[in-house]
Amino acid sequence: MQKAVEYLSKKDAIFKLIIDKYGLPIIPKRPEGFETLVLLILEQQVSIDSAKSTFQKLKAKVQNFIPESLVSLDDEEYRNLGVSRQKTSYIKALSHSIINNHIDLKSLSSISSQQVREKLIKIKGIGNWTIDVYLMFSLQAPDIIPLGDIAVVNTIKELLNIHDRQEMEAYILKWSPYRSIATFLLWHYYLQKRNRKVEY
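Let me begin by describing the structure that accompanies this report.

Conventions we followed
- Per chain, residue numbering runs from 1 following the sequence as it is written.
- Given that this is a predicted model, residues contribute local features only at a pLDDT of at least 70 and side-chain atom pairs are listed and counted only at 80 or more, while totals for whole chains, interfaces and linings are drawn from all residues.
- Derived side-chain values reflect all non-hydrogen atoms in the structure, with water molecules and hydrogen atoms excluded from consideration.
- Under this scheme, a helix contributes an axis fitted over its contacting stretch, all axes are lines through C-alpha atoms, and angles between N-to-C directions fall in the 0 to 180 degree range.
- Each helix is a run of DSSP H or I of at least 4 residues and each strand a run of E of at least 2, with the numbering of both proceeding from the N terminus.
- Should an angle fall under 35 degrees it is called roughly parallel, over 145 degrees roughly antiparallel, and 65 to 115 degrees roughly perpendicular, with every other angle called oblique.
- Here a residue-residue contact requires only that any non-hydrogen atoms of the pair lie within 4.5 Å.
- Only Asp, Glu, Lys and Arg are considered charged, only Ala, Val, Leu, Ile, Met, Phe, Trp, Tyr, Cys and Pro nonpolar, and every remaining residue, Gly among them, polar.
- Whether two aromatic rings pair depends on their centres lying within 6.5 Å, for rings of Phe, Tyr and Trp, where Trp uses its six-membered ring; planes under 30 degrees apart make the pair stacked, over 60 edge-to-face, and the rest tilted.
- Any residue under 20% of the maximum accessible area for its type is buried, any over 50% is exposed, and the rest in between are partly exposed; the area is computed with a 1.4 Å probe on protein chains only.

**Observations regarding the packing of helix α9 (residues 128-137) against helix α12 (residues 179-193)**
Then step 1. Relative orientation of the contacting elements α9 and α12 amounts to 105°, with a least axis distance of 11 Å. As far as their axial angle goes, α12 and α9 are roughly perpendicular. Counted together, Val133, Met136 and Phe137 of α9 and Ser180, Thr183, Phe184 and Trp187 of α12 form the full contact between these two elements.
Then step 2. For the contact of α9 with α12, the class distribution of residues is five nonpolar, two polar and no charged.

Below is the structure:
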């Protein structure tokens, strides 16, 4: 990470500002595979803590946390666990894709980030934010920045006064090839400034 931090600090003063004020972030890692993708579906548009609580209830409900088990759980059981109808359909779509061999999650670590995106985006309910976070947390892809993430976007607006999406996309090109570390630094600033702690 040191090489990336040095590179980013030379490219943009905001990173030195973040590190001087709040230190370095801990880089989160999550295991590859089905469980992480289900958790990421649950995390869409809600807090990490809330999603984690629902995920633990879901894990407690099924003996084997595998696609076949989650497909066999009926919608009412999902609802009783706090999973919305929409997210239930997304979890089942992911499960069906694996059961029907439309996707092999184990193979994703051996292909490019763009190829991973092309495969996962075909699954209902898995959009660019979910893919970005999976690439960063599970596959350790080095050059991802999720501009669908409100904390990332709000921090860029605050620190750089850039509010236009296209301007943001053009500006962050200079952070390549370490945009994932840039993202972790932006998240770190966002959370520390609000005195919030998150366990990924």
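We are not done yet, so read on.
**Brief notes about the packing of aromatic side chains**
Then step 1. Under the defined criterion, the tally for this structure stands at nine aromatic pairs.
Then step 2. Taken together, a centroid distance of 5.8 Å and an interplanar angle of 40° make the contact between Phe137 and Phe184 tilted. You can see Phe137 sitting in helix α9 and its partner Phe184 sitting in helix α12, a full 47 residues away along the chain.
Then step 3. Judged by its relative accessible area of 6%, Phe184 is buried.
Then step 4. Here the aromatic rings of Phe184 and Trp187 are separated by 5.8 Å at their centres, their planes lie at 55°, and the arrangement is tilted. Remark: Trp187 and Phe184 occur in helix α12; sequence separation between them is three residues, near one turn of the helix.

**Considerations on helix α3 (residues 34-43)**
Then step 1. Of all 10 residues in α3, nine are buried; the element is thus mostly enclosed.
Then step 2. Residues Phe34, Thr36, Leu37, Val38, Leu39, Leu40, Ile41, Leu42 and Glu43 constitute the buried set of α3.
Then step 3. Structurally, α3 contributes buried residues whose contacts are with α4 (48-61), α5 (67-72), α7 (85-99), α8 (113-120) and α9.
Then step 4. Looking one or two places after α3, you find Gln45, whose phi comes out positive at around 65°.

**Quick look at the side chain of Thr88**
Then step 1. Mapped onto the fold, Thr88 is located in helix α7.
Then step 2. Owing to a relative accessible area of 2%, Thr88 belongs among the buried residues under this scheme.

**Side note on α9**
Then step 1. Of all 10 residues making up α9, eight are buried, and the element is well covered by its neighbours.
Then step 2. If you check which residues of α9 are buried, you get Thr130, Ile131, Asp132, Val133, Tyr134, Leu135, Met136 and Phe137.
Then step 3. On its buried side, α9 packs onto α3, α8 and α12.

**A short note on the environment of Tyr200**
Then step 1. Following the sequence through the fold, Tyr200 ends up in the segment after α12.
Then step 2. Accessibility expressed as a relative area gives 28% for Tyr200, which makes it partly exposed.
Then step 3. A sequence separation of 47 residues divides Tyr200 from Val153, and the C-alpha atoms of the two residues are 20 Å apart.
Then step 4. Ignoring anything within four residues of it in the chain, the contact list for Tyr200 reads Pro28, Arg30, Ile48, Lys52, Phe137, Trp187 and Leu191.

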